[in-house]
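# Understanding the architecture of this molecule
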Amino acid sequence: MNILRITKTIIYLILLIVLNSCYTSADYALLKKSETKSNAVYGKILVLKNNNPTQDVVFNRMITDDFTNLFDQNLTQKLKNDYFDNFKFLPIINKELLEKIKIDNPDLDYMMFIRFMTTDSDISKPKTLQIIDYKDIKYKREYHILFDLYNLNTKENIYSNEAVSILEKLDASGITPSELSQLKQTYKKIFKDFAKSISQ
């Protein structure tokens, strides 16, 4: 009996070692862009997702729930007018656009702008984030999520940060996080930083 248990244990350990050697994880990091000035946020806040890559219900509900828990009844996700194509990556928001948003939405005090983008090794794909099945033997999957919080009364950016995750896969074998899993972890990285910044 002891020999059988020892044999099973050895086989189990070998399987763990093999699986671990086959697993490729992504690296996650925050790229601090500016000094945070958002630890005092009072008033109505709008949350916009720009270039959102997925219609996954769980992921989008997670974002809604996170911001609802932070801002409760002060949260809104509806804008009275469409000022840009929200399905295409918007590189910058200028003061003129902020002024238009405030004029048309006078009850709003803040706007959280969440942008998504990616780079990968296939140059034929557009440089905007898409959830797709990669079949390349060799590729690099890189996701960026940017948070920018604007005070619509002063037109000031009071929080700006970027989370990045990079996964490099050298061959077709092995186990890697799914595109959606990597996206979620990238989002959680930056949301945790943002939530901490307004609770200080």
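In the block above lies the structure referred to throughout.
Anyway, here's the lowdown on the structure attached to this text. What you see is a predicted model, and the numbers here were worked out from it, not measured in a lab.

Criteria and thresholds
In this numbering scheme, every chain counts its residues from 1 along its sequence in written order. Per-residue local features are limited, in this predicted model, to residues with pLDDT of at least 70; the limit for side-chain atom pairs, both in listing and counting, is 80 or more; totals at the level of whole chains, interfaces and linings are taken over all residues. As a rule here, side-chain values cover all heavy atoms of the structure and leave hydrogens and water aside. Put simply, DSSP marks the helices as runs of H or I at least four residues long and the strands as runs of E at least two long, and each gets a number from the N terminus on. In what follows, residue pairs with any heavy atoms lying within 4.5 Å of each other are defined as contacts. Each accessible area is a Shrake-Rupley result for a 1.4 Å probe, and residues are judged covered by the shown protein chains and nothing else. Salt bridge, as used here: a side-chain nitrogen of Lys or Arg that lies within 4 Å of a carboxyl oxygen of Asp or Glu. Only protein chains enter the accessibility calculation, which uses a 1.4 Å probe; a residue is then buried when its area is under 20% of its type maximum, exposed when over 50%, and partly exposed in between. A helix is expected to span 1.5 Å multiplied by its residue count minus one. We define a polar contact as two N or O atoms separated by no more than 3.5 Å, with the added condition that, inside protein, one atom must be a possible hydrogen donor and the other a possible acceptor, whereas residues neighbouring each other in sequence contribute only through side-chain atom pairs. Between rings of Phe, Tyr and Trp, where Trp is taken as its six-membered ring, a pair exists when centres lie within 6.5 Å; planes separated by under 30 degrees are stacked, by over 60 edge-to-face, and by other angles tilted. The criterion is simple. A nonpolar core is a set of buried Ala, Val, Leu, Ile, Met, Phe, Trp, Tyr and Cys residues joined through side-chain atoms within 4.5 Å. A pair of strands is labelled paired if DSSP reports no fewer than 2 bridges between them. Place the viewer so that the strands point away; then a crossover is right-handed whenever the path from the first strand over the helix to the second strand goes clockwise. Angles shown run from 0 to 180 degrees and are taken between the N-to-C directions of axes, each axis being a line fitted to C-alpha atoms and, for helices, limited to the stretch in contact. An angle counts as roughly parallel when it lies under 35 degrees, as roughly antiparallel when it exceeds 145, as roughly perpendicular when it falls between 65 and 115, and as oblique in every other case. Put simply, Ala, Val, Leu, Ile, Met, Phe, Trp, Tyr, Cys and Pro go in the nonpolar bin, Asp, Glu, Lys and Arg in the charged bin, and everything else, Gly too, in the polar bin. For the purpose of counting charges, residues Lys and Arg are taken to be positive, whereas Asp and Glu are taken to be negative. His and the chain ends are not included.

What follows concerns the overall build of the chain. Each helix and strand counted, the chain has four helices and six strands in total. The helix and strand sequence of the chain, counted from the amino end, reads α-β-β-α-β-α-β-β-β-α. When contacts within the chain are restricted to residue pairs at least 6 apart in sequence, those whose partners lie at least 24 apart make up 76%. Carbon together with sulfur atoms contributes 55% to the accessible area of the chain, which is approximately 11,800 Å² in total.

Counted by the stated rule, this structure contains two salt bridges. The salt bridge partner of Arg 61 is Asp 65, with a shortest N-O separation of 3.7 Å. Taken as a pair, Arg 61 and Asp 65 lie in helix H2 (residues 57-71) at a separation of four residues, close to a single helical turn. Taking the relative accessible area as the measure of exposure, Arg 61 reaches 49% and is therefore partly exposed. Since its relative accessible area comes to 34%, Asp 65 is described here as partly exposed. Close ionic contact of Arg 115 with Asp 148 constitutes a salt bridge, the shortest N to O distance being 2.9 Å.

Side chains three or four residues apart in an α-helix point the same way, a direct result of the helix having 3.6 residues per turn. Taking 1.5 Å per residue, 15 residues should reach 21 Å; H2 reaches 21 Å between its end C-alpha atoms and fits that length. Buried within H2 are the following residues: Phe 59, Asn 60, Met 62, Ile 63, Thr 64, Asp 66, Phe 67 and Phe 71. The opening residue of H2, the one whose side-chain oxygen lies 3.3 Å from the backbone nitrogen of Val 58, is Asp 56. Two residues or fewer after H2 comes Asp 72, characterised by a positive phi angle close to 55 degrees.

Now for the packing of aromatic side chains. Following the criterion strictly, the structure yields eleven aromatic pairs and no others. Members of the aromatic cluster, connected to one another through ring pairs, are Phe 59, Phe 67, Phe 71, Phe 116, Phe 147, Tyr 159, Tyr 187, Phe 191 and Phe 194.

Our focus in this paragraph is the nonpolar core. The biggest cluster of nonpolar side chains holds 28 residues, and the ones touching the most others in it are Phe 67, Met 112, Ile 114, Phe 147, Leu 149, Tyr 187 and Phe 194. Residue assignment for this core shows that the elements contributing at least two residues are strand S2 (45-50), H2, strand S4 (110-120), strand S5 (139-151), strand S6 (156-169) and helix H4 (179-197). Tallying contributions element by element places H4 first for this core, with seven residues. Formed by 13 residues, the second largest nonpolar core is a distinct cluster that contains Leu 48, Phe 84, Tyr 150 and Leu 152.

Our focus in this paragraph is the pairing of S2. For S2, the tally of buried residues reaches six of six residues, placing the bulk of the element in the interior. Covered by surrounding structure in S2 are Ile 45, Val 47 and Lys 49 together with Leu 46, Leu 48 and Asn 50, the residues of both alternating faces. Where S2 lies against strand S3 (residues 75-76), two bridges are found, and the strand directions are parallel. Residue Leu 46 lies in a different strand from S3, and its bridge partner there is Thr 76. Regarding topology, H2 serves as the crossover connection from S2 to the parallel S3, and that connection is right-handed.

The axes of two packed helices give the description: the angle between them and the distance between them. It is at 11 Å that the axes of H2 and H4 come closest, and there the two elements cross at 10 degrees. Relative to H4, the element H2 lies roughly parallel. Where H2 abuts H4, its residues Val 58, Phe 59, Met 62, Ile 63, Asp 66, Phe 67, Leu 70 and Phe 71 lie against Leu 180, Leu 183, Lys 184, Tyr 187, Lys 188, Phe 191, Phe 194 and Ala 195. Class assignment for the residues of the contact of H2 with H4 results in 13 nonpolar, no polar and three charged.

Our next topic: the side chain of Lys 49. Within the fold, Lys 49 resides in strand S2. Lacking a salt bridge, the buried Lys 49 has Asp 65 as its closest oppositely charged neighbour, with an N-O distance of 10 Å.

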